[in-house]
Amino acid sequence: MNVLEAHELYRFFHIGDHEIAALRGVSLTLVEGELVAVIGPSGSGKSTLLSCLTGLDEPDGGHVIVCGRRVTRRSEASRAAIRAVSFGILQQSNNLLPHLTVAENIRLPMLLTGSADEERIAELLKVMGLVHRATAYPATLSGGETARAGLAVALAADPPVLVADEPTAEIDRRAEASLMVYLDARRTTGKTTLLATHSAALASKADRILRLRDGRLDDG
Ligand SMILES: Nc1ncnc2c1ncn2[C@@H]1O[C@H](COP(=O)(O)OP(=O)(O)OP(=O)(O)O)[C@@H](O)[C@H]1O
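Cut-offs used in this document
Residues numbered from 1 in each chain as written. Predicted model: local features only at pLDDT ≥ 70, side-chain atom pairs only at ≥ 80, totals over all residues. Core = buried A, V, L, I, M, F, W, Y, C linked by C-beta atoms within 7 Å. Buried ≥ 20, exposed ≤ 12 C-beta atoms within 10 Å, placed from the backbone. Helix = DSSP H or I, 4+ residues; strand = E, 2+ residues; numbered from the N terminus. Contact = placed C-beta atoms within 7 Å. Near = placed C-beta within 6 Å. Nonpolar A, V, L, I, M, F, W, Y, C, P; charged D, E, K, R; others polar. pLDDT = per-residue confidence, 0-100. Pairing = 2+ DSSP bridges. Axes fitted to C-alpha atoms, helices over the stretch in contact; angles between N-to-C directions. Parallel < 35°, antiparallel > 145°, perpendicular 65-115°, else oblique. Left-handed = near helix turned anticlockwise from the far one by under 90°.

Engineer: Looking at this structure, I do not really get the nonpolar core. What am I missing?
Structural biologist: Side chains that are nonpolar tend, in soluble globular proteins, to be buried together. With 56 residues, the main nonpolar core has V38, A152 and V163 as its most contacted residues. When residues in this core are grouped by element, the largest group, 8 residues, is from helix α5 (residues 143-156). When residues no more than four places from it in sequence are discounted, the contact partners of V163 are L50, L53, T54, F87, I89 and L194.

In structure tokens form, the structure reads like this:
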């Protein structure tokens, strides 16, 4: 079953008279249980693509469908509602709310989609090596801890689609290995994952690699 579809996405940015075509007609389809990696040089449009897919950004052309619902051309509130139930998102900038502790940040996506599963919170804290930081606030975390906490938040609600921008950029080997175990487990339960990554190790675990160049996908 198709879980995520993008049809002919275009996104332009303007700086003065200069136009940047960040996405130029990107189409893709992800099915249940697929782990797909998007790779491409810096500036090729990976982050823009992920933002448009998850409704964090609105493309200038084309449309996106997740779990049978259109994401694009909707109000911000309705995009946010679809996002909460369909996506776990890890962005390059940290996705932690500053006034909540690590454990509270992990609990929040669960509360938004149902109820908090304290066992799962404990497991995510353990897998990400954050048990001792459960009651810490984001401002007091190291870069690696912030990245791992962000991952735990993205995985918290066991979302149908996990979309992660450079999930291993700031984490060590052990955390990367834990993440890979988690991603494998998602596959076997039919959950879909889309990663933008520069990590060859991570991309090699994917079922499929999509190559982005100057806002267009090569055949992968
Ligand atoms: N808000 C914005 N305003 C102007 N230009 C932007 C904006 N966001 C992205 N761009 C431009 O769009 C292009 C694609 O950027 P994007 O961040 O999607 O690339 P990327 O492949 O994710 O890069 P990286 O691997 O360095 O994170 C780049 O030329 C970038 O400078």
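Engineer: Even after reading the chapter, I still don't get the site of the ligand, so can you show me in this structure?
Structural biologist: Lining the immediate environment of the ligand, one finds F13, I15, I20, A22, G40, S42, G43, S44, G45, K46, S47 and T48. Taken together, the elements giving at least two residues each to the shell around the ligand come down to β1 (2-15), β2 (18-31) and α1 (46-54). Top element by residues in the shell around the ligand is α1. It accounts for 3 residues. Across the shell around the ligand, the residue classes tally to 4 nonpolar, 7 polar and 1 charged.

Engineer: Is there a simple way to think about the confidence of the model for the protein in this case?
Structural biologist: Residues of the protein with pLDDT of at least 70 account for 99%, and the chain-wide mean is 92. Between the elements of the protein, mean pLDDT differs from a low of 83, seen in helix α6 (residues 173-188), to a high of 98, seen in strand β4 (residues 61-66).

Engineer: Got a minute to help me understand the pairing of strand β8 (residues 192-196) in this structure?
Structural biologist: A regular strand places its side chains on the two faces of the sheet in alternate fashion. Most of β8 sits inside the fold, with 5 of its 5 residues counted as buried. Both faces of β8 are covered, namely the face carrying T192, L194 and A196 and the face carrying T193 and L195. Two elements, strand β3 (residues 35-39) and β8, share 4 bridges in a ladder whose sense is parallel. Bridging across to β8, V36 finds its partner in L194.

Engineer: What am I meant to see in the environment of R74 here?
Structural biologist: Mapping R74 onto the fold places it in the loop between β5 (69-70) and α2 (76-86). Looking at R74, the number of C-beta atoms within 10 Å reads 15, which means it is partly exposed. Taking the C-alpha atoms as reference, R74 lies 23 Å from A164; in sequence the two are 90 residues apart.

Engineer: Sorry if this is basic, but what is going on with the sheet that holds β3 here?
Structural biologist: Pairing between the strands of a sheet comes from backbone hydrogen bonds, and it takes one of two forms, parallel or antiparallel. In space, the 6 strands of this open sheet follow the order β6-β7-β8-β3-β9-β10, with mixed pairing throughout. Either end of the sheet is taken by a strand with one partner, and the two such strands are β6 (87-90) and β10 (216-217). Its contacts with the sheet place α5 against β6 and β7 (161-165), and it is angled at close to 170° to β6.

Engineer: Honestly, the packing of helix α3 (residues 102-113) against α5 in this entry has me stumped. Any pointers?
Structural biologist: A pair of packed helices is captured by two measures, namely the crossing angle of their axes and the spacing between those axes. At their nearest, the axes of α3 and α5 sit 7 Å apart, and the two run at 20° to each other. Comparing their axes, α5 and α3 come out roughly parallel. The handedness of the crossing between α3 and α5 is right-handed. From α3, V102, N105, I106, P109 and M110 reach across to α5, where they touch A149, A152, V153 and A156. Its residues assigned to classes, the contact of α3 with α5 shows 8 nonpolar, 1 polar and no charged.

Engineer: Looking at this structure, I do not really get the packing of α3 against helix α4 (residues 118-127). What am I missing?
Structural biologist: Orientation of α3 relative to α4, taken along the N-to-C sense of each, is 125°, at an axis distance of 10 Å. Relative to α4, the element α3 lies oblique. At the point where α3 passes α4, the crossing takes the right-handed sense. Within the contact between the two elements, α3 uses A103, I106 and R107 and α4 uses I121, L124 and L125. Here the contact of α3 with α4 is built from residues that sort into 5 nonpolar, no polar and 1 charged.

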